[in-house]
Amino acid sequence: MIEQKQQEIIEEFAFFEEWMHKYEHIIELGKEMKGLTDNEKKDDLLVAGCQSKVWLKASLQENGTVNLEADSDAIITRGLVALVVSVFNQETPQDILNANIHFMNDIGLVSNLSQTRSNGLAAMVKQILLYATVFQAQQKSN
Amino acid sequence: MDNPTLQHEMKELRNQFPALNQTVYGRPLVYLDNAATTQKPQRVIDSISEYYSKWNANIHRGAHYLANASTEKFEATRSALAEMLHANFREEIIFTQGSTDSVNMLSTILENEVNEGDEIWVTEMEHHANFVPWQVLAEKKKAVFRYVPMTASGEWDLDYAKNEITERAKIVAFNYVSNALGTINPIQELIALARNAGAYVVIDGAQAVAHFDVNVQALNCDFFLFSAHKMYGPTGLGVLWGKKELLEKLPPYRYGGEMIQKVSVTGTTFNVLPFKYESGTPNIEAVIAFNESISFCHEVGRENMHAHEYFLLKTATERLKEIDGAFVYADLPNKVGVLSFNVEGIHSADIGTLLDQQGVAVRTGHHCTQPLWEKLGTTGSVRASFACYNTVEDVELFIAALNKSVNMLR
C-alpha cells in the first residue's frame, strides 16, 4: 500500500517537466493540507528544523493503523510534509517500519531529504518510524 | 558611486574564479553567499596543488630540502599576515582552524584570568561562535555573562554600553562586522570603553578582512581573529593575532608535538611563540595557499572591493524595495555588501529554495545569530552577500529570480 502510494506520487510528478510546475504543485499541496492548529504547534510536537520547523502528531487508532497530522511554518516544506504524511498515513506500524521510502529521490527532491537537516523532513521521517516502533510494541503488549 | 571603470575591472576578476563559471540546474550560477564563504581564485587552487606536487614535507623539524622549502613558504604567510594586520611581531600571528577555533582557544587560555563575579561581555549581534564559548566560560567560572543590546535598526546600543561596562568587565568580545546584517560596527568606541574598564578586548574580524584594511595596533585591541576562507582563502584555516606580551603570559591551549621545548618524565617546558600555540602538524597547504589570497586582496585593493560591493548592495537594496512587502534589515549607510531581508508573509526558507532552483545561491535562516533575530522579532532572513567578483548582472538575475519566487509563493 505504501509502495503503491509512492508510485502514484512519482507518476504525478513525472507529469511536470519544468522545475517551476513541480514546485507550484508542492506549494499547492502545502496550501491544501489541513495541518495543525496554532495551539498544537508547540514544542512538544516539534520534530526538528533549523530553517523551517516541522510539527508532527501521531496516534494509534483502534483499527490498528496510525493517524498522522503535521505542519510546517514554510509552505514548500509544508507541501513536502503533506506528501510524507500521505504516504504513511492510515498504515499499520508494521507496514510503516517495513517500508522502503524512495519517492523523494525519484521525484527529484533528493536534497530535501538526504544530507541537509535544514528543513526537518529527515527528522520527520525518523520520528514517524520511532512512533511506529512504539505503537508496534504497544500492540504486542496488548 | 556608479563607477563603470571599477565595475569593468571587477568583472574581469571573475575569470580568475573557475567555480563561478558553471551552471547549476542548467542555469548560470549566481553566487551570493559570500559572507558564508568566498570562492577561490585560480592562484590559490594552483598553490594547493603545487604544494602536494612539489613541496609536501612536515615543517619546522625536518632536516632536508623539502622540509626547509615548505617551512619557508609556511612562514612567508605568517610574515605576510603580520604585514597585512600591521602587527608589531610576526610571532603574534597564530594559525588556528578558523574563527570558531580561535575564539575557543581564547576562551580557554583566558580561563584563569576570569574570577567569580567578573563580567564577560559580548553583543547581541554576535555570531554564535563569538557568543557561546564566552557564555560557557562565564558559567564555568561563575562570572556574569552580559551583552550590549542591539537596536531595532541593527546597531549597538552604545549608551547602554557606556553606562554598564565598568571595571567589573574582564573580557569584552565583539564583531567588527555583523555576519547577519552587514553592519560595520563602531568598534573604536567599544574598544575605548573596554580599555577604560581594563578588560581584554577581543575582536571577531571574520566579516571584515575581505572588505577593508585592518591595523591591529591602531585599533589597540588585544586579540583579533578571522578565517581564511572568507577572504578568498582555503577552508580549515584561521588566524588569531594577539599581543605578544599576553600570548607569552597565557597558558598553552593544546598540548603535543611542536609546542614543546623539552619533555622529560619529570616535566615539560613549552616552546616560544608562535609554536607554543601551534601543536601538531598544521594545515600546511592551506597556510601556504593563503599567501596567494593575501596578495590577491592586496593587488585588487580592499578599497576597490568595498566600493564595488557597496555599489552592488545599494543597487540591490533599491531594487528589492520595489518588491511589494519586502523589507531590509539594517538599512544603514555603514555596511559591507550584505543584504539581509524578508518578504512579508513568506518564509525565508521558501525563498531560498526557489532562488536555488534558479541558480541563485543565498543563505537563509538565522545565520548563527539567534539572539539577534529574537531581538528583531523573527527567526531569520534571506541573506544575499556580495564579493568583489559579483556584477550588476548578478544583481539583476537575483532580483528577477526573487520576483518569480515571490509570485509563486503568493
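Rules used throughout
Residues numbered from 1 in each chain as written. Chains lettered and ligands numbered in written order. Predicted model: local features only at pLDDT ≥ 70, side-chain atom pairs only at ≥ 80, totals over all residues. Helix = DSSP H or I, 4+ residues; strand = E, 2+ residues; numbered from the N terminus. Rg over C-alpha atoms; globule rule 2.2 N^0.38 Å. Buried ≥ 20, exposed ≤ 12 C-beta atoms within 10 Å, placed from the backbone. Contact = placed C-beta atoms within 7 Å. Axes fitted to C-alpha atoms, helices over the stretch in contact; angles between N-to-C directions. Parallel < 35°, antiparallel > 145°, perpendicular 65-115°, else oblique. Nonpolar A, V, L, I, M, F, W, Y, C, P; charged D, E, K, R; others polar. Pairing = 2+ DSSP bridges. Domains from an automatic or database assignment.

> So what's going on with the overall build of chain B? Which residues, and what values?
When helices and strands are tallied, chain B shows 14 helices and 17 strands. Scaling as 2.2 N^0.38, a compact globule of 410 residues should have a C-alpha radius of gyration of about 22 Å, and chain B matches this with 22 Å. With the C-alpha coordinates of chain B rotated into their principal frame, the extents come out at 70 × 55 × 35 Å. Here chain B holds 410 residues, and the buried ones make up 49% of them. Taking the intrachain contacts of chain B between residues at least 6 apart in sequence as the baseline, contacts between residues at least 24 apart amount to 70%.

> How would you sum up the packing of helix H2 (residues 19-32) of chain A against helix H3 (residues 75-88) of chain A? Please name residues and give values.
All names here are of chain A. Their axes nearest at 7 Å, the elements H2 and H3 cross at an angle of 80 degrees. Viewed along their axes, H2 and H3 adopt a mutual orientation that is roughly perpendicular. When H2 is examined against H3, the residues Tyr23, Ile26, Ile27, Leu29, Gly30 and Lys31 are found in contact with a partner set consisting of Ile75, Ile76, Arg78, Gly79, Leu80, Ala82 and Leu83. Class assignment of the residues belonging to the contact of H2 with H3 gives a composition of 9 nonpolar, 2 polar and 2 charged.

> For the sheet that holds strand S3 (residues 66-72) of chain A, give the residues involved together with the corresponding values.
All names here are of chain A. Spatially, the 3 strands line up as an open sheet ordered S1-S2-S3, and their pairing is antiparallel. Taken across any chain shown, the strands that pair with only one partner, and hence form the sheet edges, are strand S1 (46-48) and S3. Across the sheet, the mean angle from the axis of one strand to that of its neighbour is 35 degrees, orientation sign disregarded. Bridge analysis of S1 against strand S2 (residues 54-60) gives 2 bridges, and the strand direction is antiparallel. Of the residues in S2, the one forming a bridge with Leu46 is Trp55. H3 rests against S2 and S3 of the sheet, and its axis sits at about 175 degrees to S3. Along the sheet face, helix H6 (residues 121-141) touches S1, S2 and S3 and points at about 15 degrees away from the line of S2.

> Quick rundown of the interface of chain B and chain A? Include the residues and the values.
Counting from both sides, the interface comprises 12 residues of chain B and, opposite them, 15 residues of chain A. Secondary structure elements with two or more residues in the side of chain B that touches chain A: helix H12 (348-357), strand S16 (363-365) and helix H14 (392-409) of chain B. The dominant element in the side of chain B that touches chain A, judged by the number of residues it contributes, is H12 of chain B, at 5 residues. Partitioned by chemical class, the residues of the side of chain B that touches chain A number 5 nonpolar, 6 polar and 1 charged.

> Which residues make up the domain arrangement of chain B, and what values do they have?
All names here are of chain B. Taken as a whole, chain B is organised into domain 1 (4-37 + 301-409) and domain 2 (46-298). Of note, the centres of domain 1 and domain 2, computed from C-alpha atoms alone, are 28 Å apart. Residue contributions to the side of domain 1 that touches domain 2 peak at 4 residues, all from helix H11 (residues 302-321). Broken down by class, the residue content of the side of domain 1 that touches domain 2 amounts to 11 nonpolar, 7 polar and 5 charged.

> Summarise unusual backbone geometry; cite the residues concerned and give the values.
Residue and element names in this part refer to chain B. Note the cis peptide between Leu273 and Pro274, where omega equals -5 degrees. One can find Pro274 in the loop between strand S12 (267-270) and helix H10 (284-300). Although it is not a glycine, His86 sits at a positive phi angle of roughly 60 degrees. Note that His86 resides in the loop between helix H3 (65-85) and strand S4 (93-96). What makes His86 partly exposed here is the crowd of 14 C-beta atoms within 10 Å. Despite not being glycine, Cys368 has its phi angle at roughly 60 degrees, a positive value.

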